[in-house]
Amino acid sequence: MGIRIIKAGMLTTVQDLGRTGYQAQGFNVAGVMDVRSFKIANLLVDNPENEPVLEFTLIGPTLEFTADTIIAITGGNFNPTINGVPAAMYTAIYMHKGDVLKFGSAETGSRGYVSFSSYLKVPNVMGSRCTNMKSSIGGFKGRKLRNEDYISFRIKRRYLPFFLSRHLEPDNFDHDHITLRVVMGPQDSAFTRDGIDTFLNSEYTITNEFDRMGCRLDGPFITSKNGSDIISDGICFGSIQVPSHGKPIILLADRQTTGGYAKIATVCSVDIPKLVQSKTDTKVHFKAITVQEAQHLLLAEESEMSAMRAAIHKPCKEVLECRLTAKRVRSLFE
């Protein structure tokens, strides 16, 4: 039971929320780029929140199923098809043995996600099943997927309650301008007042130097007081470094564990999906907020997730009609 990778796409890996607690030993966190899409994919198939999924970038994979299971597709729109027929996104889909799920190029967004109700059978390494390609650990053989790879399922799980209610509105990633809310620091004091003003009031552009490690922006020069070199310290998801060339670099899932450039700000976690689902040449503006405001945004998103979970656990009209019909049929034979 499992999936055969007919075509692997540009960059398809097994990911979860990342391998935390080992940065001091030199292991970067890795994990999914778009945490929101990842969580929604698992929510739709009633998986544990941190169950690994397939993440793919720009060009999606083609998968053949060798057993029945249930999946959900989230993230950018890669025009998925099942046996040549368009497939719904942000919806629980029953897949039969022999079905072929095919993705094209990203029409909107940059990254897509597929969750599986039968759980992908990949090893748990240091508390995570995510792929760390730099260290060649976790995921499927510690690397991106290749044509003809085969990943087994861990369990048989082919039933979900309230199946017809498992549908949510897709997130919209069709944008060419984004505003990223940021918490200033921890080294914003290394920059001049004009440098801070430039950072917060200028337009930057996403360059083609954009991968799982980070996103380099092009735009106005950010002036520092005495250079931007610092004693290396820890880096978090969304840290914005400004090296000597004065252009911001936003560090992402496969970021290094420490860095020696001053970090002018950190992107609010709820806004990172907007960035990682953007394409080259997208325009970026920054807006400063407080730590408390960032925390309130995160709490609001968690409340939204709870509302989504409640919505898909309510019987929809079609389910109720099916149950009434079944009850009538049974009554004929009683």
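Note that the structure is a prediction, hence the values are computed from the model and not measured. (Residues numbered from 1 in each chain as written. Predicted model: local features only at pLDDT ≥ 70, side-chain atom pairs only at ≥ 80, totals over all residues. Heavy atoms only, no water.)

### A short note on the environment of Asp-254
(1) Moving on: When you line up the elements, Asp-254 lands in the loop between strand 17 (249-251) and strand 18 (258-261).
(2) Moving on: Distance from Asp-254 to Phe-237, taken between C-alpha atoms, is 8.9 Å for residues 17 residues apart in sequence.
(3) Moving on: Contacts of Asp-254, omitting those with residues within four sequence positions, involve Asn-28, Ala-30, Met-133, Lys-134, Arg-212 and Met-213. (Helix = DSSP H or I, 4+ residues; strand = E, 2+ residues; numbered from the N terminus. Contact = heavy atoms within 4.5 Å.)

### Some points on the side chain of Asn-42
(1) Moving on: Here Asn-42 shows up in helix 1 (residues 35-44).
(2) Moving on: Residue Asn-42 is classed as buried on the basis of its relative accessible area, which comes to 1%.
(3) Moving on: Beyond its immediate chain neighbours, meaning those up to four positions away, Asn-42 contacts Asn-47, Pro-48, Glu-49, Asn-50, Glu-51, Val-53 and Ser-115. (Buried < 20%, exposed > 50% of the residue type's maximum accessible area, 1.4 Å probe, protein only.)

### Comments concerning helix 4 (residues 291-312)
(1) Moving on: Spanning 22 residues, helix 4 covers 32 Å between terminal C-alpha atoms, matching the ideal 32 Å at 1.5 Å per step.
(2) Moving on: Along helix 4, the positions that sit buried rather than exposed are Ala-294, Glu-301, Met-305, Met-308 and Ile-312. Along the axis of helix 4, the buried residues cluster in a sector spanning 60°; they form a single face.
(3) Moving on: Looking at the packing, one finds that the buried side of helix 4 touches helix 1, strand 12 (177-184) and strand 20 (283-289). (Expected span 1.5 Å × (residues − 1). Arc of directions from axis to C-beta.)

### Let's talk about the confidence of the model for the chain
(1) Moving on: In this model, the chain carries an average pLDDT of 93, and 94% of its residues clear a pLDDT of 70 or more.
(2) Moving on: Every residue in residues 322-327 scores below 50 in pLDDT, and together they form 2 contacts with partners more than four places removed in sequence or on other chains.
(3) Moving on: Scored below 50 in pLDDT, residues 329-334 shows 0 contacts in the model against residues more than four places distant or in partner chains. (pLDDT = per-residue confidence, 0-100.)

### A word on the sheet that holds strand 14 (residues 214-218)
(1) Moving on: The sheet built from 7 strands closes into a barrel, its strands ordered 12-19-16-17-14-13-20 with mixed pairing. Going across the sheet, the axis of each strand differs from the next one's by a mean of 40°, ignoring polarity.
(2) Moving on: Where strand 16 (residues 239-241) meets strand 19 (residues 263-267), 3 bridges bridge the pair, whose relative direction is antiparallel. Its bridge partner being in strand 19, Ile-240 is matched across the sheet by Ala-265.
(3) Moving on: Contacts between helix 2 (residues 193-201) and the sheet are confined to strand 12, strand 13 (204-210), strand 16, strand 19 and strand 20, with strand 12 contributing the most and set at about 140° to the helix.
(4) Moving on: Here helix 4 sits on the sheet in contact with strand 12 and strand 20, set at roughly 110° to strand 20. (Pairing = 2+ DSSP bridges. Axes fitted to C-alpha atoms, helices over the stretch in contact; angles between N-to-C directions.)

### What about the packing of aromatic side chains?
(1) Moving on: Inspection of the entire model under this criterion finds 6 aromatic pairs.
(2) Moving on: Considering the side-chain rings of Phe-65 and Phe-116, the 6.2 Å spacing of their centres and the 40° angle between planes classify their relative orientation as tilted. One end of the pair, Phe-65, is in strand 4 (residues 62-65); the other, Phe-116, is in strand 10 (residues 108-116), and 51 residues separate them in sequence.
(3) Moving on: With 4.4 Å between their ring centres and 20° between their planes, Phe-199 and Phe-286 make a pair best called stacked. A residue pair is termed long-range when its members are at least 10 positions apart, and Phe-199 in helix 2 and Phe-286 in strand 20 qualify at 87 residues. (Phe/Tyr/Trp six-rings, centres within 6.5 Å; stacked < 30°, edge-to-face > 60°.)

### Quick look at the side chain of Glu-51
(1) Moving on: Tracing the sequence through the fold places Glu-51 in the loop between helix 1 and strand 3 (53-57).
(2) Moving on: Classification of Glu-51 by relative accessible area gives buried; the value is 5%.
(3) Moving on: A polar contact is formed between the side chain of Glu-51 and the side chain of Arg-154, at a distance of 2.8 Å.
(4) Moving on: If near-sequence neighbours (up to four positions away) are discounted, Glu-51 is found in contact with Phe-38, Asn-42, Tyr-119, Leu-120 and Arg-154. (Polar contact = N/O pair within 3.5 Å; in protein donor to acceptor, adjacent residues only side chain to side chain.)

### A few points about helix 2
(1) Moving on: Within the sequence span of helix 2, burial applies to Gly-195, Ile-196, Thr-198 and Phe-199. Angular distribution of buried residues about the axis of helix 2 spans 160°; they occupy a single face of the element. In helix 2, those exposed residues whose orientation departs by more than 90 degrees from the buried face are Arg-193, Asp-194 and Asn-201.
(2) Moving on: Against the buried residues of helix 2 lie strand 12, strand 13, strand 16, strand 19 and strand 20.

### Things to note about the sheet that holds strand 3
(1) Moving on: Spatial ordering of the open sheet is given by 2-3-10-5-8, a layout of 5 strands whose pairing is antiparallel. Edge positions in the sheet fall to strand 2 (12-15) and strand 8 (93-95), since each has one partner strand and no second. For this sheet, the mean inter-axis angle between neighbouring strands, taken without regard to orientation, is 30°.
(2) Moving on: Here strand 2 pairs with strand 3 via 4 bridges, running antiparallel. Opposite Gln-15, over in strand 3, you have Val-53 as the bridge partner.
(3) Moving on: Together, strand 2, strand 3, strand 5 (69-77) and strand 10 form the strand contacts of helix 1, whose direction differs from that of strand 5 by roughly 155°.

### A short note on the pattern of salt bridges
(1) Moving on: Taken as a whole and assessed by the stated rule, the structure comprises 16 salt bridges.
(2) Moving on: Here Arg-4 makes a salt bridge to Glu-64, at a shortest N to O gap of 2.6 Å. You can see Arg-4 sitting in strand 1 (residues 2-7) and its partner Glu-64 sitting in strand 4, a full 60 residues away along the chain.
(3) Moving on: Linking Asp-171 and Arg-36 is a salt bridge whose minimum nitrogen-to-oxygen distance equals 2.8 Å. Taken as a pair, Asp-171 in the loop between strand 11 (150-152) and strand 12 and Arg-36 in helix 1 lie far apart in primary sequence, 135 residues in all. (Salt bridge = Lys/Arg side-chain N within 4 Å of Asp/Glu carboxyl O.)

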